[in-house]
Amino acid sequence: MRMTKRVLALALTGLLLAACSHKDKDAPLAFVPADTPYVLANLDVLDDSTRQAIFTQIDAEMPAQVAQMKSQADQLATNDPDTAKYLRTVASEFDGKTAEQITQEAGVDPKGHAALYGLGLSPVLRIELADPAAFQSFVAKLQNDYGKKFDVATIGQQSYQRYMANASHLQFIIAVVGKQAVLAMLPVDADQPLLRQTLGLDRPAKSLQDTDRLKDLAKDKGYAPWAVGLVDMARLLPLVTGGQDPLSQAFLKARAEAESAKTGEPVANLMQVPPSCQTDATRIAARIPQMSLGYTTLDDKHRDMRFDVSLANDIASAFSGLKVELPGLGSHPTAPFEVSLALPVTQLRAFWGAQADAVAAKPFTCPVLDNLNDTFGSLGDSMQKAAVPPIGDLLGVHVALDNYTSNPGGGMPKFSGRLVIGTNNAAGLLAMAQVTSPLLAGIKLANDGTPSALPAQLINALGEPGWAAMTPKSVSMAVGTGEDGKLADMLKQPVGDAGELMRMHLDGDMYSNWIDLMAQKAENAATMAAAMGPSNGDDQDSQKAAATAAANTKAQFAAMKSEAARIQAISADVRMEDQGLVIMTHTELK
């Protein structure tokens, strides 16, 4: 279902990427409670050319996505025929159509507002429509093709369609309210107030639009207004674990009934949620109070996003002022694949050790969070072991790969690139490496970063020329013609500035190459499995299932290849600021 979700995500992104900037009393955000636990919405309009570029991207990827949905349907046909039929229905509806055609047929306004938000935990999606009648026809056609129509119900003068999934205690709602489509997932026994608020018959006492919260968030974080998301962990986690939210109760009841069928324990007993669960959830939320995201650049050639994770002050301050002495962490990577990762083990040990001690001193008492006690207990033990050299001296790792080609015979691949290991004890790390590998025993390195040729035996094993170098804070190696000069330059690159934790770069050609390699390995594995499997006629079902799975895998890689063909480069930066973790992603298209 991963690629199906991607299609839906792309479609939703397209729907979110346009809006009018003035406050409209009937805009989707006017129906969102100010205290919603999560929301994703657009605040402003894109220009026509950029919107068309997004449609073009969807169009380019659509054939591969449709093929994968069909392949997934074949794979699920025996064990889950309903889902298989649903996938075929959606695939048939999208097959051969452009994103603009689908948008028009669904009656969606490509320049309208849209918002996905929570009424408590219950998700509601509101989309402005250009043609409500077209939307209703679109929904009716999908239901007819699928062979299952939703029930029609009314509340007051408002009609809506619903599908009751009684086994899971859920209902799915579709309605046209004015010139908006409303889609929601609610508990099957949702009360009248929740239904009325879902449909917009009753407005929240204070809406998110009234507060300007998203607008202020976008300004503070530098998000462009085309799609802004917020998760309020202080609201969300207590709702998830407290057992009082209607949707949470529906999930809890479904699990309790399944467990009761196995054990005989009364459902009522299994649905008991101790008060400590809400207390523990509030405790966790205080450590991670909020997450948010938004585009920073969006045009026909760029898809740049920023993700923010707000953290408690003691977490952020432990790393926001930390400067890691790893060459390259302070500069933009440029190799086809390059990543610099800060791993300051001394500081990591102190931080995670303190967290483990805090949980040991005050364990979580909510049953569903009990595994966290074991996790932090194991973490504390691991931090003690991490003190042992060379791990305890580690500062970080910087890898740059210029070329990589697999060996068809399964032996050593052909590659060229550099590796830098940042450490507080470079001489100690080199000495340990020489003890561990006899091939390194004869190497002697100056402490000034000058590359020295690797021993002949090691060069012969690699099949490429190679060098090693050392500085007071690093031990490094390079493999491939001309990589010695690149290594010398790499060791002169700026170290990390305060709070910098990671930098990454991957160009489109390397990405496509990796997809080809993974696809080839998957195909080889499938061929080997088929050759080793039974060949008699009694196992035809297994052979058919294996063939279907192989076809699905092939479709997945085809979809990935289609996406990669449009990518010039992908990069990311991770840093800790005073308020928390910031992740920046940059996608450049061809």
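Calculation notes
Residues numbered from 1 in each chain as written. Predicted model: local features only at pLDDT ≥ 70, side-chain atom pairs only at ≥ 80, totals over all residues. Heavy atoms only, no water. Helix = DSSP H or I, 4+ residues; strand = E, 2+ residues; numbered from the N terminus. Rg over C-alpha atoms; globule rule 2.2 N^0.38 Å. Buried < 20%, exposed > 50% of the residue type's maximum accessible area, 1.4 Å probe, protein only. Contact = heavy atoms within 4.5 Å. Areas by Shrake-Rupley, 256 points an atom, 1.4 Å probe, with all protein chains shown as cover. Lys, Arg positive; Asp, Glu negative; His and termini not counted. Charge placed at Lys NZ, Arg CZ, Asp CG, Glu CD. Pairing = 2+ DSSP bridges. Phe/Tyr/Trp six-rings, centres within 6.5 Å; stacked < 30°, edge-to-face > 60°. Arc of directions from axis to C-beta. Salt bridge = Lys/Arg side-chain N within 4 Å of Asp/Glu carboxyl O. Axes fitted to C-alpha atoms, helices over the stretch in contact; angles between N-to-C directions. Parallel < 35°, antiparallel > 145°, perpendicular 65-115°, else oblique. Left-handed = near helix turned anticlockwise from the far one by under 90°. Disulfide = S-S within 2.5 Å. Nonpolar A, V, L, I, M, F, W, Y, C, P; charged D, E, K, R; others polar.

Asker: Explain the overall build of the chain to me, please; I cannot follow it from the model alone.
Answerer: In terms of helices and strands, the chain carries 20 helices and 19 strands. For a compact globule of 590 residues, the expected C-alpha radius of gyration is about 25 Å, and the chain comes in at 28 Å, within 12% of that figure. Taken along its principal axes, the extent of the C-alpha atoms in the chain is 85 × 60 × 60 Å. For the chain, with 590 residues in total, the buried portion stands at 46%. Considering only intrachain contacts with a sequence separation of at least 6, the fraction spanning at least 24 residues in the chain is 69%. If you sum the accessible surface of the chain, you get close to 28800 Å²; carbon and sulfur atoms cover 57% of it. Across the chain, the centroid of the 51 positively charged side chains sits 1 Å from that of the 65 negatively charged ones.

Asker: What am I meant to see in the pairing of strand β8 (residues 228–232) here?
Answerer: Both faces of the sheet carry side chains from a regular strand, because those side chains alternate between them. With four of five residues buried, β8 lies mostly within the body of the structure. Of the strand pairs in this sheet, strand β1 (residues 38–41) and β8 are connected by four bridges, and their pairing is antiparallel. When the bridges of β8 are listed, Ala41 appears paired with Val228. Of the strand pairs in this sheet, β8 and strand β9 (residues 290–298) are connected by five bridges, and their pairing is antiparallel. Each residue of the ladder has a partner; that of Gly229, found in β9, is Leu293.

Asker: Got a minute to help me understand the packing of aromatic side chains in this structure?
Answerer: Remark: the centre distance and the inter-plane angle together describe each pair of aromatic rings, the angle taken between the planes. In the structure shown here, the tally under the stated rule is five aromatic pairs. Where Phe319 meets Phe351, the ring centres are 5.3 Å apart and the plane angle is 70°; that geometry is what we call edge-to-face. You can see Phe319 sitting in helix α13 (residues 313–320) and its partner Phe351 sitting in helix α14 (residues 345–361), a full 32 residues away along the chain. You can call Phe319 buried: its relative accessible area is 7%. Assessed through its relative accessible area of 9%, Phe351 is described here as buried. Each member of the aromatic cluster is reached from another via a ring pair, and the members are Phe319, Phe351 and Trp352.

Asker: Teacher, can you tell me more about helix α8 (residues 213–221) here?
Answerer: Residues that lie three or four places apart on an α-helix share one face, since the helix turns once every 3.6 residues. Taken residue by residue, α8 has Leu214, Leu217, Ala218 and Lys221 as its buried positions. Down the axis, α8 shows its buried residues gathered within 100° of arc, on one side only. Seen from the open side of α8, the exposed residues pointing more than 90 degrees away from its buried face are Lys215, Lys219 and Asp220. Of the surrounding elements, those touching the buried residues of α8 are β1, α7 (208–211), β8, β9 and β10 (302–310).

Asker: Got a minute to help me understand the pattern of salt bridges in this structure?
Answerer: Inspection of the entire model under this criterion finds 29 salt bridges. When the shortest N-O distance is used, the salt bridge between Lys221 and Asp308 registers 3.9 Å. Of this pair, Lys221 sits in helix α8 while Asp308 sits in strand β10, placing them 87 residues apart in sequence. The class of Lys221 is buried, set by a relative accessible area of 8%. Its relative accessible area of 4% is what places Asp308 among the buried residues. Through salt bridges with shared partners, a single network forms among Asp220, Lys221, Arg306, Asp308, Arg575 and Glu577.

Asker: So what exactly am I meant to see when it comes to the packing of helix α2 (residues 48–76) against helix α3 (residues 81–94) here?
Answerer: Geometry of a packed helix pair, given as the angle between the helix axes and the separation of the axes. Running from N to C, α2 and α3 point in directions that differ by 160°, and their axes come no closer than 8 Å. Looking at the two axes, α2 sits roughly antiparallel to α3. For α2 against α3, the interelement crossing comes out left-handed. Residue-level inspection shows Met62, Val66, Met69, Lys70, Gln72, Ala73, Asp74 and Leu76 of α2 in contact with α3, the latter providing Pro81, Thr83, Ala84, Leu87, Arg88, Val90, Ala91 and Phe94.

Asker: I'm lost on the state of the cysteines in this one. Help?
Answerer: Covalent bonding between the sulfur atoms of two cysteines defines a disulfide. Counted according to the given criterion, the structure contains one disulfide. Put simply, Cys277 and Cys366 are joined by a disulfide, and their sulfur atoms are 2.0 Å apart. Since a negative S-S torsion denotes a left-handed disulfide, the Cys277-Cys366 link at about 85° is right-handed. Pair noted here: Cys277 is in helix α12 (residues 276–287) and Cys366 is in the loop between α14 and α15 (370–385), with a separation of 89 residues, a long-range link. As far as burial versus exposure is concerned, Cys277 and Cys366 are alike and both buried.

Asker: Got a minute to help me understand the packing of α14 against α15 in this structure?
Answerer: Running from N to C, α14 and α15 cross one another at 145°; their axes reach a closest spacing of 8 Å. The element α14 and its partner α15 pack so that their crossing is left-handed. In this structure, α14 uses Leu348, Arg349, Trp352, Gly353, Gln355, Ala356 and Val359 to contact α15, whose residues at the interface are Asn373, Phe376, Leu379, Gly380, Met383 and Gln384. Classifying every residue of the contact of α14 with α15 by side-chain character gives seven nonpolar, five polar and one charged.

Asker: How should I be thinking about the environment of Ala84 in this particular structure?
Answerer: For Ala84, the position within the fold is in helix α3. Considered as a pair, Ala84 and Lys70 are 14 residues apart in the sequence and their alpha carbons are 8.3 Å apart. Contacts of Ala84, omitting those with residues within four sequence positions, involve Ala73, Leu76 and Ala77.

Asker: Quick question: what am I supposed to make of the environment of Asn407 here?
Answerer: Structurally, the position occupied by Asn407 is in the loop between β12 (394–405) and β13 (414–423). It is 58 Å that separates the C-alpha atoms of Asn407 and Pro275, two residues lying 132 residues apart in sequence. Beyond its immediate chain neighbours, meaning those up to four positions away, Asn407 contacts Met412 and Pro413.

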